[in-house]
Amino acid sequence: MLHFHQLFCVHFPHSTRMQSLQVDSVQRWMEDLRHMTEVECMCVLQAKPIGVEEDSQQGELIVASGVGAGDHVARNNLQTLLRRALVVSTELGKMFQRLEKGRWQRVHSTAVRANCHVRSLVHEYSAARSTPPEMQKYEKSLLEKCMELTNITERCLHTEDEFFLKSMREAIHEILTDVSDSFSNMIDMALANEIRVLIKQIESSDSIHTIGSAISNLLSLTQDGPQLCSIIAKEGAVVALFKICRQDRFRDLYAHALRTVASICCVEEGINQLDKVDGILCLADILTDESSVEAARAEAAAVVAQITSPHHTSTQHLASFLESMHDIVTALIKLCESASCGEVFLLASAALANITFFDSMACEILLQLNAIQILLQACKDRQRVDTPYSKDQVVTILANLSVLEQCASEVLQEQGIERLLLLLGEKPSSSSPSEGAACERVQQKAAVTLARLSRDPDVAQTAIQLKAVPRLIELCRSPTERNNSDSVLVACLAALRRLAAGCPDSIEAADHQQLIKPRLVDSFLLCSNMEESFV
């Protein structure tokens, strides 16, 4: 079942507000009354509690605001739809919980409220938009089931027969599940209908304002989760957005459109649509076009990062990506070099990090483009690399480049070992779990990179001179230094053993006995059970 966590915030322009004030208030009340009388009567006569419930405020009926003209109509319909859907979802969730506890009075009052909200939603939506035929059958079935739910829960108020209530609980649970499924299907259809309206605005309008408003509404919808992104993709939004990105007259909308595409492409349907319209070629054109503004190139990089994410199971689209990979990689490393802020650098470096995972050719291209110098220089610039998230992308790229033999000499030349040791000390500046996780990834990948590069004797010698060994030992022995991360521990043990293999004298006897001599798993178990090192 759908759960909607974010609602649209609607701001009417001055002219629309004035028009609504000029409408006769009695006439407006009569129009609303035609749809709301039955609902309000039910709510007052059947569901008014004697006591005040702890969640009574959430149960209040939401009265829809007036609908503005033009491109505000779709926004208002979406706002009302999502607000109603959130309320109904909440009420149905409460019913499941109260049913399990056998709180029959509240089960019934919640059923009545849910019934009221569903009827109100159907009436309001039908009044604002012509309902598609396939949606009408769900509406009818849903209204019937809601009424059945209200009636059957009322019967449970007038008996204390445990056997009867047990059988009723099972029947109500079944009906409630049907109501939830029917409601979910109806909302999906209604949202698809509204999304089609927005896409039609994008495809048919010549107004930058109208198209921009429609794109904003689509972008807002993508924030409600992958299920909505799938609906948006299936309705053809990606195709419409790339049409915008291929027209020079809409250059001011490129960044906005591409940000929406990146959000939609969190689901496979979005990526498939992108592949069908040769979206990768369009991204390459925008990235390599020097006349494109930085914001558009940054959002194009965000789309590249999204579609190359290792989390996607489908790789079919990557075949067409390989054809443009050289141009895209070149444009992305240039964007890293010229980025005006941390966000732009993060998007470009994230795209590069993902690309280096799935094709070794990308690593060779990056070495030819002097990527190691560019990335290590960026780490010294707090305007570009200002968070653990950006450092995570940089060290990911370095880790993937370090499998190439020629990488070691370039890292040494750019004083990259010093940077890796600094990254081994990365710590979160706040209590944010995501920041803590990013710091762990930075430490882990820095250790992995150091281990790989230390195959080169010059790198190993430099690392030992820079006191890498004591730092690695500290990370192994002190859980707080590695944020209690097991993955950091394994990476540090591997790096330590690599350095010990080349320079045995760099490790003291006691450390060698515990961290080098045993099997890796035994050293891991020893260190992971340490509260704190006192050695």
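Residues numbered from 1 in each chain as written. Predicted model: local features only at pLDDT ≥ 70, side-chain atom pairs only at ≥ 80, totals over all residues. Heavy atoms only, no water.

If you look the protein up in an unreviewed UniProt entry, it shows as INSC spindle orientation adaptor protein from Acanthochromis polyacanthus.

Asker: When you look at the overall build of the protein in this model, what are you seeing that I'm missing?
Answerer: When helices and strands are counted, the protein shows 27 helices and zero strands. Across the 535 residues in the protein, those meeting the buried criterion constitute 52%. Contacts spanning at least 24 positions in sequence make up 75% of the contacts within the protein whose residues lie at least 6 apart. When the accessible surface of the protein is split by element, carbon and sulfur atoms take 51% of a total near 25,100 Å². (Helix = DSSP H or I, 4+ residues; strand = E, 2+ residues; numbered from the N terminus. Buried < 20%, exposed > 50% of the residue type's maximum accessible area, 1.4 Å probe, protein only. Contact = heavy atoms within 4.5 Å. Areas by Shrake-Rupley, 256 points an atom, 1.4 Å probe, with all protein chains shown as cover.)

Asker: Where do I start with the pattern of salt bridges in this structure?
Answerer: Considering all chains together, one arrives at 15 salt bridges under this definition. Across the pair Asp206 and Arg249 runs a salt bridge, and its minimum N-O distance is 3.3 Å. One end of the pair, Asp206, is in the loop between helix 6 (162–204) and helix 7 (208–222); the other, Arg249, is in the loop between helix 9 (237–245) and helix 10 (254–264), with 43 residues separating them in the sequence. A relative accessible area of 51% places Arg249 in the exposed class. Measuring nitrogen to oxygen at the nearest pair gives 2.8 Å for the salt bridge that ties Arg471 to Glu481. Of this pair, Arg471 sits in helix 24 (residues 468–477) while Glu481 is found in the loop between helix 24 and helix 25 (486–502), placing the two residues ten residues apart along the sequence. Here Arg471 matches Glu481 in class, with each residue buried. (Salt bridge = Lys/Arg side-chain N within 4 Å of Asp/Glu carboxyl O.)

Asker: Is there a simple way to explain the packing of helix 7 against helix 8 (residues 226–234) in this structure?
Answerer: Packed helices, taken two at a time, are described by the angle between their axes plus the distance between the axes. Contact geometry for helix 7 and helix 8: axes closest at 8 Å, N-to-C directions at 140°. Overall, the two elements helix 7 and helix 8 adopt an arrangement that is oblique. Contacts between helix 7 and helix 8 involve Leu218, Leu221 and Thr222 from the first element and Leu228, Cys229 and Ile232 from the second. Taken together, the residues of the contact of helix 7 with helix 8 break down into five nonpolar, one polar and no charged. (Axes fitted to C-alpha atoms, helices over the stretch in contact; angles between N-to-C directions. Parallel < 35°, antiparallel > 145°, perpendicular 65-115°, else oblique. Nonpolar A, V, L, I, M, F, W, Y, C, P; charged D, E, K, R; others polar.)

Asker: Explanation requested: helix 25 in the structure shown.
Answerer: The periodicity of an α-helix, 3.6 residues per turn, causes residues three or four positions apart to be oriented the same way. Helix length check: helix 25, at 17 residues, gives a terminal C-alpha distance of 25 Å against a target of 24 Å (1.5 Å per residue), a fit within 8%. Every buried residue belonging to helix 25 is among Val488, Leu489, Ala491, Cys492, Leu493, Ala495, Leu496, Arg497, Leu499 and Ala500, and all of these are buried. The inward-facing, buried residues of helix 25 abut helix 22 (433–453), helix 23 (457–465), helix 24, helix 26 (509–516) and helix 27 (520–528). (Expected span 1.5 Å × (residues − 1).)

Asker: Help me out: how do you make sense of the nonpolar core in this one?
Answerer: With 157 residues, the main nonpolar core has Phe242, Leu274 and Leu332 as its most contacted residues. The biggest single contributor to this core is helix 6, with 16 residues. In contact with Leu332, not counting residues within four places along its chain, are Leu287, Ala301, Val304, Ala348, Ala351, Leu352 and Ile355. (Core = buried A, V, L, I, M, F, W, Y, C linked by side-chain atoms within 4.5 Å.)

Asker: Mind showing me how you'd approach the layout of surface pockets here?
Answerer: Vacant regions in the atomic arrangement are exposed by a probe of water-molecule size rolled over the atoms. For the largest pocket, the calculated volume is near 720 Å³. Here the lining of the largest pocket spans two domains, and each of domain 2 (206–310 + 317–369) and domain 3 (415–534) adds at least three residues to it. (1 Å grid on protein atoms, 1.4 Å probe; cavity = no way out; pocket = protein on both sides within 12 Å on 5 of 7 lines; lining within 4 Å. Points joined across faces, edges and corners; volume = space filled by probe spheres on them. Domains from an automatic or database assignment.)

Asker: I would appreciate a short explanation of the packing of helix 13 (residues 294–307) against helix 15 (residues 325–338) in the present structure.
Answerer: Relative orientation of the contacting elements helix 13 and helix 15 amounts to 125°, with a least axis distance of 11 Å. In this view, helix 13 runs oblique relative to helix 15, as classed from their interaxial angle. Here helix 13 runs over helix 15; the crossing is left-handed. On helix 15, the residues touching Glu294, Arg297, Ala298, Ala301 and Val304 of helix 13 are Ile328, Leu332, Leu335 and Ser338. (Left-handed = near helix turned anticlockwise from the far one by under 90°.)

Asker: Got a minute to help me understand unusual backbone geometry in this structure?
Answerer: It is generally the case that most residues other than glycine have a negative phi and that most peptide bonds are trans. The phi dihedral of Lys467 falls on the positive side, at around 65°, and the residue is not glycine. Phi is positive for Asn483, which is not a glycine, with a value near 55°. Looking at the element boundaries, Asn483 is found in the loop between helix 24 and helix 25.

Asker: Got a minute to help me understand a negative patch on the surface in this structure?
Answerer: Side chains of Glu148, Glu174, Asp178 and Asp181 sit close together on the surface and give a patch of like negative charge. Among the elements that make up the negative patch, the one with the highest residue count is helix 6 (three residues). Residue placement: Glu174 occurs in helix 6. Given a relative accessible area of 54%, Glu174 falls into the exposed group. (Patch = residues over 30% accessible without salt bridge, like charges linked within 9 Å, V, L, I, M, F, W, Y side chains within 5 Å. Lys, Arg positive; Asp, Glu negative; His and termini not counted. Charge placed at Lys NZ, Arg CZ, Asp CG, Glu CD.)

Asker: Explain helix 12 (residues 279–288) to me, please; I cannot follow it from the model alone.
Answerer: When you tally the buried positions in helix 12, you get seven out of ten residues, the bulk of the element. Within the span of helix 12, buried status applies to Gly279, Ile280, Cys282, Leu283, Ala284, Ile286 and Leu287. Looking at the packing, one finds that the buried side of helix 12 touches helix 9, helix 10, helix 11 (268–276), helix 13, helix 14 (318–323) and helix 15.

Asker: Can you help me understand the state of the cysteines in this one?
Answerer: One way to say it: the disulfide is the covalent bond shared by the sulfur atoms of two cysteines. Evaluation of the coordinates by the stated rule reveals zero disulfides. Here Cys229 stays unpaired: no disulfide links it, and the sulfur of Cys266, its closest cysteine neighbor, is 3.8 Å away. (Disulfide = S-S within 2.5 Å.)

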